[in-house]
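Read off the chains here:
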Amino acid sequence: MENAKELYLLTSDLVIDAVYHGYKTENGGYADPLVRLVGVSRQGGFRYRGTRDRPTVLVLYSTQSDPDWPDELDTTTGRFVYYGDNKKPGQKLHDTQRFGNELLIKLFEIAHTGDRANIPPILIFTSAGAGRAYRFRGLAVPGHPSMPATEDLVAIWKSTGGIRFQNYRATFTILDASVISRGWIDSIKTGAMDIEKAPDAWRTWVETGVIKPLIAPRTQLIRTREEQLPSDEADLVLIDTIRTHYANNSYGFEACAGELARLLLGNVSRLDLTRPWRDGGRDALGALRLGRGASSIEAMFALEAKCYGIGNSIGVREVSRLISRIKHREFGILITTSFVNKQAYQEVVDDGHPVIFVTAIDIVQLLRASGYGTAAQLSKWLDGI
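These figures come from a predicted structure and were not determined experimentally.

Undergrad: For this particular structure, what's the right way to read the environment of Gly 138?
TA: Along the polypeptide, Gly 138 turns up in strand S8 (residues 133-142). The class of Gly 138 is buried, set by a relative accessible area of 0%. In this structure the C-alpha to C-alpha distance between Gly 138 and Asn 312, which are 174 residues apart in sequence, comes to 40 Å.

Undergrad: Help me understand the sheet that holds strand S16 (residues 355-358) in this model?
TA: Backbone-to-backbone hydrogen bonds join strands into a sheet, with any given pair of strands oriented parallel or antiparallel. Strand order in the open sheet formed by 5 strands is S12-S13-S14-S15-S16, and the pairing between neighbours is mixed. Looking along the sheet, the strands with just one partner apiece sit at the ends: strand S12 (268-273) and S16. Adjacent strand axes in the sheet meet at a mean angle of 20 degrees, parallel and antiparallel pairs treated alike. By the bridge criterion, 6 bridges tie strand S14 (residues 297-306) to strand S15 (residues 331-336) in an arrangement that is parallel. Within S15, the position partnered with Glu 304 by the bridge is Leu 334. Taken strand by strand, helix H9 (residues 316-324) contacts S14, S15 and S16, and its axis lies near 155 degrees from that of S14. The sheet contacts of helix H11 (residues 360-369) involve S15 and S16, and relative to S16 the element is tilted by about 75 degrees.

Undergrad: Help me understand the environment of His 94, please; the structure alone is not making it clear to me.
TA: Structurally, His 94 is set in the loop between strand S6 (79-83) and helix H3 (100-113). By relative accessible area, which is 31% here, His 94 ends up partly exposed. As a C-alpha pair, His 94 and Ser 231 span 137 residues in sequence and 35 Å in three-dimensional space. In this structure His 94 touches Asn 101, Glu 102, Ile 105 and Tyr 168, once residues within four positions along its chain are discounted. In terms of polar contacts, His 94 uses its side chain to reach the side chain of Tyr 168, at 2.8 Å.

Undergrad: Before we go on, may I ask you to explain the side chain of Lys 189 in this structure?
TA: Following the sequence through the fold, Lys 189 ends up in helix H4 (residues 182-189). Despite being buried, Lys 189 has no salt bridge partner; Asp 186 is the closest side chain of opposite charge, sitting 4.2 Å away. With sequence-adjacent residues up to four places away left out, Lys 189 is seen in contact with Arg 36, Val 38, Gly 39, Arg 49 and Arg 182.

Undergrad: Is there a simple way to explain the pairing of strand S13 (residues 284-290) in this structure?
TA: Each regular strand shows side chains that alternate between the opposite faces of the sheet. Bridge count for S12 against S13 is 5 bridges, and the pairing is antiparallel. Pairing of Arg 270 across the sheet is with Ala 287, part of S13. Relative to S14, S13 is paired through 7 bridges, and the arrangement is antiparallel. In the strand pairing of S14, Gly 286 is matched with Phe 301. Linking two consecutive strands that pair antiparallel, namely S13 and S14, is a turn of 6 residues; a positive phi of about 90 degrees is found at Gly 291 within it.

Undergrad: Please explain the packing of helix H7 (residues 233-245) against helix H12 (residues 375-383) as it appears in this structure.
TA: Two measures define how a pair of helices packs: the angle their axes make with one another and the distance between the axes. Direction vectors running N to C along H7 and H12 enclose 30 degrees, while the axes themselves pass 10 Å from each other. The handedness of the crossing between H7 and H12 is right-handed. Within the contact between the two elements, H7 uses Val 237, Leu 238, Thr 241, Ile 242 and His 245 and H12 uses Ala 375, Leu 378, Ser 379, Leu 382 and Asp 383. Taken together, the residues of the contact of H7 with H12 break down into 6 nonpolar, 3 polar and 1 charged.

Undergrad: Would you explain the nonpolar core in this entry?
TA: Looking at soluble globular proteins, one finds that nonpolar side chains tend to be buried together. Leu 14, Ile 122, Leu 123, Phe 125, Phe 172 and Trp 202 are the most contacted members of the largest nonpolar core, which has 51 residues in total. If sequence neighbours within four positions are ignored, Ile 122 has contacts with Leu 58, Leu 60, Leu 107, Gly 138, Leu 139, Ala 140, Pro 142 and Phe 172. Formed by 31 residues, the second largest nonpolar core is a distinct cluster that contains Phe 301, Phe 331, Ile 363 and Val 364.

Undergrad: Just checking my understanding: could you explain H4 for this structure?
TA: Residues that lie three or four places apart on an α-helix share one face, since the helix turns once every 3.6 residues. Most of H4 is tucked away: 6 of the 8 residues are buried. Residues Arg 182, Trp 184, Ile 185, Ser 187, Ile 188 and Lys 189 constitute the buried set of H4. Directly beyond the C-terminal end of H4, a positive phi value near 85 degrees is found at Gly 191.

The rules we used
Residues numbered from 1 in each chain as written. Predicted model: local features only at pLDDT ≥ 70, side-chain atom pairs only at ≥ 80, totals over all residues. Heavy atoms only, no water. Helix = DSSP H or I, 4+ residues; strand = E, 2+ residues; numbered from the N terminus. Buried < 20%, exposed > 50% of the residue type's maximum accessible area, 1.4 Å probe, protein only. Pairing = 2+ DSSP bridges. Axes fitted to C-alpha atoms, helices over the stretch in contact; angles between N-to-C directions. Contact = heavy atoms within 4.5 Å. Polar contact = N/O pair within 3.5 Å; in protein donor to acceptor, adjacent residues only side chain to side chain. Lys, Arg positive; Asp, Glu negative; His and termini not counted. Salt bridge = Lys/Arg side-chain N within 4 Å of Asp/Glu carboxyl O. Left-handed = near helix turned anticlockwise from the far one by under 90°. Nonpolar A, V, L, I, M, F, W, Y, C, P; charged D, E, K, R; others polar. Core = buried A, V, L, I, M, F, W, Y, C linked by side-chain atoms within 4.5 Å.

Next comes the structure, spelled out in structure tokens:
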């Protein structure tokens with residue numbers, strides 16, 4: 001007989017950021033809630049109902065804990081980056097056990113050709129703790145309004161043990177739909193989707209191709225020391241690799257910080273390092289290209305780099321020096337292998353200064369997302385700067 005939790009899963013709507021728990025089974029384990037909640041299989045990051053060639057609904061599940069394949073949800077823009085399932089060498093890009101990469105290429109091909117009605121609803125879930133708990137992150141579609149179709153699905157190279165292989169990096173958009181109704185889910189499970197019960201943002205996308213992302217502007221955030229520093233041993237090794245590399249060349253880290261700024265911003269058109277004897281707290285001047293072609297403009301920024309030990313924080317003095325050199329309509333970037341102390345962080349947030357803090361944990365995430373996830377890979381990258 002179905003217990004109360006099982007009945008809840010069978011009748012519940014899907015609510016943004018709500019957590020859905022598995023229920024205990026007779027053998028003392030936990031049943032996978034997605035089986036009852038959505039009607040998909042109970043294993044893997046790619047789960048679908050229907051057939052591989054014609055899925056009626058697709059679930060993308062991420063633990064968000066794989067350092068080499070950092071799935072990421074940007075809740076401020078609705079952008080969700082998801083890596084395919086070819087995560088180890090030894091097989092072709094599309095020959096994966098659960099056919100995840102094959103599904104990805106089909107989804108994006110259909111989206112690019114405009115036949116959107118044949119794309120199944122894509123439901124995003126992430127891990128929410130023990131006991132098979134899943135957090136619903138939203139209803140997604142392929143692509144993002146800020147990204148051209150040539151870049152939303154990209155095959156990237158990585159290497160393990162000297163063996164090279166490819167995997168997909170896919171970009172999706174979480175649609176502006178706070179609740180996915182049980183009526184729509186049930187109609188999908190039967191294979192006869194009731195489009196009238198679909199969220200408005202989904203119908204708009206199917207009919208017009210216009211993507212309406214779920215945008216959630218963040219509150220003013222002051223990160224703690226712990227939130228700015230890596231705790232994982234492998235992440236600490238990466239930061240130590242940088243510090244060791246520049247131990248006898250304090251000015252060398254400025255060039256490294258410049259390359260990190262390129263990874264962060266993505267479209268830096270100019271970056272000029274100041275000479276050591278001219279350094280007054282501004283280690284580089286750069287320009288970020290906004291827009292495309294002849295209609296684009298440049299936004300200027302000042303960069304300061306500090307290669308500090310974990311115990312040495314960035315304080316008010318360093319931050320104030322950078323702020324004093326930011327001109328009207330410019331912004332600043334401070335990159336450090338350490339962290340920004342509370343007082344300095346607080347002053348920047350309270351006064352609304354246009355400063356981006358890139359601390360040790362941010363550096364690690366940038367490096368891993370760019371394929372420099374081991375000390376050996378990072379050392380080669382640093383040698384080339």
